[in-house]
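Coordinates in review
Listed below, chain by chain, are the residues.
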Amino acid sequence: MATEHTDTLEPLDMWIDVDGRHLHYITAGSGSTPVVFLHGGIVDAATLSWGGSIAPFADERRVIALDLPGYGSSSSPETAEYTTAYHTDVLRDFLDALSISPVTLVGVSMGGGIALRYALHNQSRVRKLVLVGSHGLGRGLPHGYLTYILSRLPQLNELSISLLRRNRRIAKLALEGIVHDVDSLSRSVVDEFYRLLQRPDAGMAFRRWRANEISRSGYLTDFSDRLGDLGVPTLLVHGAEDPIFPVEWSRRAADRIPDATLAVRPDCGHWPQREQTEVFNQRVLSFLDGER
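Rules used throughout
All chains use their own residue numbering, which begins from 1 and follows the written sequence. For this predicted model, a pLDDT threshold of at least 70 governs which residues receive local features, and a threshold of 80 or more governs which side-chain atom pairs are given and counted, while totals over whole chains, interfaces and linings are taken from all residues. Calculated side-chain values reflect all of the structure's heavy atoms, with hydrogen atoms and water omitted. A run of DSSP states H or I qualifies as a helix once it reaches four residues; a run of E qualifies as a strand once it reaches two. Both are numbered from the N-terminal end. Accessible area is worked out with a 1.4 Å probe on protein chains only. A residue is then buried under 20% of its type maximum, exposed over 50%, and partly exposed in between. By definition in these notes, contact holds between two residues if any of their heavy atoms fall within 4.5 Å. A 1.4 Å probe and the Shrake-Rupley method give the accessible areas. Residues count as covered only by the protein chains that appear here. Counted as positive: Lys and Arg. Counted as negative: Asp and Glu, with His and the chain ends omitted from the count. To locate a charge, the coordinates of NZ of Lys, CZ of Arg, CG of Asp or CD of Glu are taken. Strands are labelled as partners when DSSP assigns at least two bridges between them. Patch membership requires more than 30% relative accessible area and the absence of a salt bridge. Residues of like charge join within 9 Å; the nonpolar side chains Val, Leu, Ile, Met, Phe, Trp and Tyr join within 5 Å. Each salt bridge in this description consists of a side-chain nitrogen of Lys or Arg and a carboxyl oxygen of Asp or Glu lying within 4 Å of one another. UniProt positions are given in the numbering used here, feature names are shortened, and annotations may be inferred rather than shown by experiment.

Moving on, we get to the overall build of the protein chain. Within the protein chain one finds 12 helices and 10 strands. Each principal axis of the C-alpha distribution contributes one length, and for the protein chain these read about 45 × 40 × 40 Å. When burial is assessed residue by residue, the protein chain has 57% of its 292 residues classed as buried. Partitioning the contacts of the protein chain with sequence separation of at least 6, the portion at a separation of at least 24 is 74%. For the protein chain, the exposed surface amounts to about 12,000 Å²; the carbon and sulfur share of it is 49%. For the protein chain, the centre of its 30 positive side-chain charges and the centre of its 36 negative side-chain charges are spaced 4 Å apart.

This is how it looks when you write it as structure tokens:
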């Protein structure tokens, strides 16, 4: 088990063994209510989703950015189910191992669904919640039945990743399916994406998650009917041009969550924290104002 304490703004790489999982996380700063960042799926990691936010947030807060199993520098348990429920259990066990409670959770895409599920089941342990282009707010698939078919053909995803890892330029072009303007991404973001593609099992955890989470009728994880029970102040950030999860999901969620604030970003796709990093950081820090 790891022992960890930091009062420096310089991000530190840490590892901890939790129930047979070797988990990597980044930590920086100090404060009474830690901000825990959760990345998305496909080929993602704490560094890719949150590399532009860790240092600014750590200026006045303790920050923890976790690599979920199968992502970044964390291990890939072969027998894991890689469902939203599984990842939520990993988050719970991770926070228990570090003796952290309460926390503020900030999750993007798949990480948003994990954060939301954790908050619904552990409301006393969550101070605030930030959902960024979040999964878990609707059932509709981005490309309808085609998305379901692709979820049942993992070999296509494996082939795609094997092609992307060969050429940085092609890897950058692939990000056009996520962001509104791929040229808005810094070189360091594209470089990190390309680096993560080199992981031997890149995409494996996402393929299993997708197979478990998608049915013919849509996403199986949908908390829409439970949002009225969420007693946690929540900020929903969504790109107006998000090609993965429609902005209408967050609009509807904001109407259902008792204490919700909605921030829709124009000219932005699925990665507000990377496409409009400075604006994103300022908006979320304003929402968290008063927590230290």
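In the sheet, strand E1 (residues 12–18) pairs with strand E2 (residues 21–28) via 7 bridges, with the strands oriented antiparallel. Bridging from a neighbouring strand, aspartate 17 pairs with histidine 22 of E2. Taking the residues that link successive antiparallel strands as the turn, the E1-E2 hairpin has 2 residues, and the phi of aspartate 19 there is positive, at about 50 degrees.

Right, let's talk about a negative patch on the surface for a bit. A contiguous patch of negative charge on the surface is contributed by Glu176, Asp181, Glu241 and Asp267. Look at aspartate 267 and you get exposed, because its relative accessible area is 54%.

Another point: the pattern of salt bridges. Following the criterion strictly, the structure yields 10 salt bridges and no others. One salt bridge in this structure joins aspartate 19 and arginine 21, with 3.9 Å as the shortest N-O distance. With its nearest N and O atoms 3.0 Å apart, the salt bridge here joins arginine 92 to aspartate 93.

The next subject is a nonpolar patch on the surface. Together, Leu146, Leu150, Leu153 and Leu156 make up a nonpolar patch on the protein surface, roughly 310 Å² of accessible area in all. Mapping leucine 153 onto the fold places it in the loop between helix H5 (145–151) and helix H6 (154–164).

What follows deals with the environment of leucine 91. With respect to the helices and strands, leucine 91 occurs in helix H3 (residues 84–97). Spatially, the C-alpha atoms of leucine 91 and tyrosine 118 are 8.0 Å apart, while their sequence positions differ by 27 residues. Setting aside its immediate chain neighbours within four residues, leucine 91 contacts Val36, Leu38, Leu105, Ile114 and Tyr118.

Turning our eyes to something else, we now look at the UniProt feature "domain: AB hydrolase-1" (unreviewed entry) in the protein chain. Mapped onto the present numbering, the UniProt feature "domain: AB hydrolase-1" (unreviewed entry) falls on residues 34–273. Within residues 34–273, the helical portion is 39% and the strand portion 15%, while the C-alpha atoms at the span's ends are 19 Å from each other.

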